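Close look at the chain arrangement
The residues making up each chain are set out below.
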Amino acid sequence: KEKAAKAAAPTAEEKAAMEAEAEELKFKGNAAINAKNYQEAIENYSKALSLSSDGPNSHVYHSNRAAAYCHQSLYQEAVDDCEACVAMAPDYVKAYSRLGLANFFL
């Protein structure tokens, strides 16, 4: 049971490494969006979220993935990500802008 508890709760060091990897994936996602490789961007942001679902920058991963979803006309997915972002960081303005855009096209 103790091993399972350890696996479920990473150490501070492991969490920091996961956050750093998530940030690297965000940068890769940003580069993919700039190259108009939207599916690749979505995959990178999704991987970042799997590493850091509630980290200090997780709201940005949701918002950026929403932008990529919009580029692929996946507006409901974009709305869902924007709402997750706003729930985590109500002052993150980009999420509201992207939420409005996605809702406009629904």
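Because the structure is predicted, anything quoted here is derived from the model rather than measured. Here the residue numbering is sequential within each chain, running from 1 through the sequence in written order. In keeping with the model being predicted, local features are shown solely for residues with a pLDDT of at least 70 and side-chain atom pairs are shown and tallied solely at 80 or more, while totals for entire chains, interfaces and linings include all residues. Each side-chain value is worked out from all heavy atoms of the structure, with water and hydrogens disregarded.

1. Regarding the environment of Gln72
Each helix corresponds to a stretch of at least 4 residues labelled H or I by DSSP, and each strand to a stretch of at least 2 residues labelled E; elements are numbered beginning at the N terminus. Assignment of secondary structure puts Gln72 in the loop between helix 4 (58-71) and helix 5 (75-88). Each C-alpha atom of the pair Gln72 and Tyr61 lies 17 Å from the other, and the pair is 11 residues apart in sequence. Those residues within four positions of Gln72 in sequence are excluded, and the remaining contacts are Tyr38, Gln39 and Ile42. A contact between two residues is defined here by any heavy atoms of the two lying within 4.5 Å.

2. Details of the nonpolar core
In terms of nonpolar packing, the biggest core is built from 17 residues, with Ile33, Ala41, Ala68, Cys70, Ala78 and Ala102 touching the most fellow members. Elements represented by at least two residues in this core include exactly helix 2 (12-34), helix 3 (38-51), helix 4, helix 5 and helix 6 (93-105). Here the element with the most residues in this core is helix 4; it accounts for five residues. Beyond its immediate stretch of four places on either side in the chain, Ala41 contacts Gly29, Ala32, Ile33 and Ala68. What we call a nonpolar core is a set of buried Ala, Val, Leu, Ile, Met, Phe, Trp, Tyr and Cys residues that are connected through their side-chain atoms within 4.5 Å. Exposure categories follow from relative accessible area, calculated using a 1.4 Å probe and restricted to protein chains: below 20% of the type maximum is buried, above 50% is exposed, and the middle band is partly exposed. Listed in part, the six residues of the second largest apolar core include Cys85, Val86, Ala89 and Ala95.

3. Structural notes on helix 4
In a helix, the anticipated span is given by 1.5 Å times the number of residues less one. The end-to-end C-alpha distance of helix 4, which contains 14 residues, comes to 20 Å, matching closely the 20 Å that a straight helix rising 1.5 Å per residue would cover. Of all 14 residues that make up helix 4, 13 are buried, and the element is covered over most of its length. Following helix 4 by one or two positions, Ser73 adopts a phi angle in the positive range, close to 60°.

4. Considerations on unusual backbone geometry
The backbone of Lys36 shows a phi angle near 65°, a positive value even though the residue is not glycine. Look at Ser73: it is not a glycine, yet its phi comes out positive at around 60°. Within the secondary structure, Ser73 is located in the loop between helix 4 and helix 5.

5. Notes on the side chain of Asn64
Assignment of secondary structure puts Asn64 in helix 4. There is a polar contact of 3.1 Å between the side chain of Asn64 and the side chain of Asn30. Residue contacts for Asn64: discarding those within four places in its chain leaves Lys26, Asn30, Ile33, Tyr45 and Arg98. Pairs of N or O atoms are called polar contacts if they sit within 3.5 Å, as long as, within protein, a hydrogen donor faces a hydrogen acceptor (for residues adjacent in sequence, only side-chain-to-side-chain pairs).

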